[in-house]
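# Topology and contacts: notes
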Amino acid sequence: MNTALLTAPPPTAPHALASNGVSRIMLSVAATLVPATLYGFWLYGWPAILLWLITVLAALLGEVASIKLAGRVTAPELSDGSALLTGWLLALSLPPWSPWWIGVVGGLFATILGKQVFGGIGFNLFNPAMVARVFLLISFPVQMTVWVAPLPITAAAAPDFHQGLMIFINGIPKLDAVSSATLLGFAKTEWSRGIDLMHSLAAATAPGNSLTGARSGSLGETASLLIAAGGLVLLALRIISWHIPVAMLAGIALPAAIAHAVDPTRYLDVATHLLSGGVMLGAFFIATDYVTSPNTKLGQLIFAAGCGFLTYVIRTWGGYPEGVAFAVLLMNALTPVIDRYLRPRILGRNWRGAPLDADVERAKS
Amino acid sequence: MGLIETFLHTLTIPGWGVHPDDHKRPAADAPLRTLPLPTRLYVPLLQHVGQPARPTVLVGQKVLQGQLIGAAQGRISAPIHAPTSGTIVAIGEITAPHPSGLPFSAITIEADGDEHAIEASVAADPFALSPEEITELVAAAGVVGLGGATFPSSVKLALGKRTKITTLIVNGGECEPYLSCDDRVMRDFAADVIDGVRLMMHATGAGEALLGIEDNKPEAIAAMRKAARLFPEIKLRPVPSRYPMGSDRQLIQTLTGKEVPSDCRAADVGVIVNNVSTANAVHRAIRLGEPLLRRIVTINGGAIWQPGNILAPIGTLASDLLAFAGLKSEPARLLMGGPMMGAVLPHAKVPIVKGCAGILALNEDEIATPAAGPCIRCGKCTSVCPIGLLPLEMAANIRVDNLDGAAALGLSDCIACGCCAYICPSHIPLVQYFTHAKGELWSQQRGKLRLDAAKRLAAERTERLERETREKAIAAAKRKAERAAQKAAQAASAELAATETTETTQ
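Here is what the cut-offs are and how they apply
Residues numbered from 1 in each chain as written. Chains lettered and ligands numbered in written order. Predicted model: local features only at pLDDT ≥ 70, side-chain atom pairs only at ≥ 80, totals over all residues. Helix = DSSP H or I, 4+ residues; strand = E, 2+ residues; numbered from the N terminus. Expected span 1.5 Å × (residues − 1). Buried ≥ 20, exposed ≤ 12 C-beta atoms within 10 Å, placed from the backbone. pLDDT = per-residue confidence, 0-100. Contact = placed C-beta atoms within 7 Å. Pairing = 2+ DSSP bridges. Axes fitted to C-alpha atoms, helices over the stretch in contact; angles between N-to-C directions.

### Focus on helix α6 (residues 190–204) of chain B
Residues and elements named next belong to chain B.
- End to end, α6 covers 21 Å across 15 residues, agreeing with the expected 21 Å (1.5 Å per residue, within 8%).
- Buried residues dominate α6, accounting for 13 of its 15 residues.
- Looking one or two residues beyond α6, the residue adopting positive phi is Gly205, at roughly 80 degrees.

Written out as structure tokens, the structure reads:
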């Protein structure tokens, strides 16, 4: 028997650990984003690839710089994969042909001001990627609302690497020639011009266009079906539970169904709402962020239903055509309150925390 | 298993708990072996919840197998018996099977190898005995809860007198990974277990017995079903394999739907829970007149050469068992009990006690623990907690020394099952936090009690002093008044005398 066992502090039970870890979780989430990302790369070509790369690198740089400034050890914290994921999610929510500095500013903002100033992973109140996206949208409204129609990388008209690099560095030349509104933006503009949905969207159907990828938007919007597929994989891997995605989708679908039934010329249908904008990305990857969502299942249902409902409200009556990021941030702010008031019932106690009545339990059979 | 069956199976799995790799086989399938009698046995006086036993033998005395060597003292206690015949060579301190490695009292017996047993008188028909008599026999045999809680069984059986017991739950859950001693008892001694169950039903007046066995033990389920088929009041209920299914409140809820109120015991809702090995011990105590002298111990872990279950006398050193099973490598960690709740042994020279289900010798790979990271609030600890607590919030409070905050979140309801720490992706030692906070709160409470007592004494003293002063003042006033009265009287009498004198002289 070695003497080290005698002098070391006795380790406490449990002596077995599940084989999961933070980095394993984060990297699995990133892996489920790969199909949608590659599909987006194919649709939007070199500018999108370069933008993704710089956004992720900026997020990682912000993380490393913050950890060093805080005087902590870089390697274990960086290897948890959370900064990579934050940058990745931000990149998927940006206009694919944005100039490089959008990615740099966004990536740095996400990890430094969205996460590290709060104390790093686990301490931030708001989803870092969405904080950065909203910051960019408010600060640079022009660049953040320039969308292009997908132009597959193999198409003749698609920019080659050199042209892509130019777009990446200088922004889009001849903007009017390529720009194309997102479906939600288009519907909103047309409605404000007095054209109802029956006429303005006669040619566009969201489900059909989502299948073929023939709709403009962020990488996450255009590839929303693949995003949803990735989300289902996360569900199967039990990295996320069904509560948040289902409640968020329901939070949008229910009001959309009712409003559309009342006035189809004014209100978009359910499928369009679900497949447009950042809903799929939001429901499966953003709102499910462990750190910024409630801990209990009931809390998660309320939180996510709120995300969905607020998204619908902002889209329909707000000033912006899309509202997932705002909705998630608003509900993030409510998460501590939800966690405070919705606690699970303790076994043998009622919801108020008082012991159960023994006679009632005895009578059960 | 078909698709539909798999689906139905998924539905029956409770929301709480974890499903660790069970590592039960091949140890569970290896035939039961009997340990050759060790030369010396170290029988601790405290092997149960409650007061330690009081030695009733002297050093140098010869004892027979089954002879009483320590008598129960107090209301909650259990006697101990000589596991084999031989000579008492010492009554002193040895290392306790506890992480602290602190000593505790034990009686050392040098075996003579004869295994000469004491005469036992056995009732021809125990069912003709009264429940009280059964309970007394169980108490005299030193039977305690063998699932690990080691609560004296007779005390539990006697609860039937106080409250009406409707259901006896027989715990064959054995949800701890690596352990298979209960599995082995059910496979090898099924009929004895069922007999013990019937005796306990008789002692408690329970009308039915529910045998809860985790469905990862099909052989045990088959054996018990066969043994129980003649007794319709004993119902076999396979339960999903889910740690901590063997915890009494969880098993009661799963089998009966009853929830034991947090301030009550199981008996208060008409249920008592006993382990299958305890049922076997009760059978031996009543039918054979044999006290609890030996038990089946699982020897398992990556460092063990021949893992399996070994029948060993109480008081055997863990090192004897490890030597018998053989070591492949130097164990990186020795445990008594399972990996989820077991205690680290300071070394192998500690004795087997009644509640010891297994000795695990784990190798480096099995105990590898990554460094703890920050909490990412994933909430997995909350979803696995069988009690419905918020481990992450309690830990956050404890981290900043807000123990009252943790207590308000239900710290006292924590059963330390370890599900939260097992599942935590940041590998935060949550159980350690909770154990620390519970200990700290306990000592604070003790301190407060002591302070209250001191305050009370001080207040009493002040009051006493005040009273004394008051009484003194009153006494002084009284004396003064008396003196004044006396003086007045004297003066009066003097005056009177003077007057009289004057009168006489006139």
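### Observations regarding the confidence of the model for chain B
- When the pLDDT values of chain B are averaged, the result is 91; 96% of them are 70 or greater.
- Predicted as a complex, the structure gets a pTM of 0.87 and an ipTM equal to 0.88.

### As for the environment of A:Arg133
Residues and elements named next belong to chain A.
- Along the chain, Arg133 turns up in helix α6 (residues 128–139).
- Separated by 121 residues in the primary sequence, Arg133 and Leu254 have C-alpha atoms spaced 27 Å apart.
- Apart from the residues lying within four places of it in its own chain, the contact partners of Arg133 are Leu90, Ser93, Gly106 and Ala325.

### As for unusual backbone geometry
- In this structure, the amide linkage connecting A:Ala13 to the following residue, A:Pro14, adopts the cis form with an omega of -5 degrees.
- Tracing the sequence through the fold places A:Pro14 in the loop between α1 (4–7) and α2 (22–69).
- Cis geometry is adopted by the peptide bond preceding B:Pro26, which originates at B:Arg25 and carries an omega value of 10 degrees.
- Along the polypeptide, B:Pro26 turns up in the loop between α1 (3–12) and β1 (33–34).
- Phi at A:Arg238 is positive, roughly 60 degrees, even though this residue is not glycine.
- Tracing the sequence through the fold places A:Arg238 in the loop between α13 (224–236) and α14 (243–262).

### Re the sheet that holds strand β6 (residues 80–81) of chain B
Residue and element names in this part refer to chain B.
- The strand order across the open sheet formed by three strands is β3-β5-β6, and the pairing between neighbours is antiparallel. Of all the strands in the sheet, just β3 (54–55) and β6 have a single pairing partner and so form its edges.
- When β3 meets strand β5 (residues 68–71), the two strands line up antiparallel, connected through two bridges. The partner of Arg54 across the bridge, within β5, is Ala71.

### Some details on the sheet that holds β1(B)
Residue and element names in this part refer to chain B.
- Read across the sheet, six strands follow the order β1-β14-β13-β17-β15-β16 without closing on themselves; strand pairing throughout is mixed. Taken across any chain shown, the strands that pair with only one partner, and hence form the sheet edges, are β1 and β16 (343–344).
- With two bridges joining them, β1 and strand β14 (residues 308–313) adopt parallel strand pairing. The partner of Thr34 across the bridge, within β14, is Leu311.
- Helix α5 (residues 181–188) rests against β13 (294–300), β14 and β17 (358–362) of the sheet, and its axis sits at about 125 degrees to β13.
- Sheet strands in contact with helix α10 (residues 318–325) are β13, β14 and β17, and its direction is about 140 degrees off that of β14.

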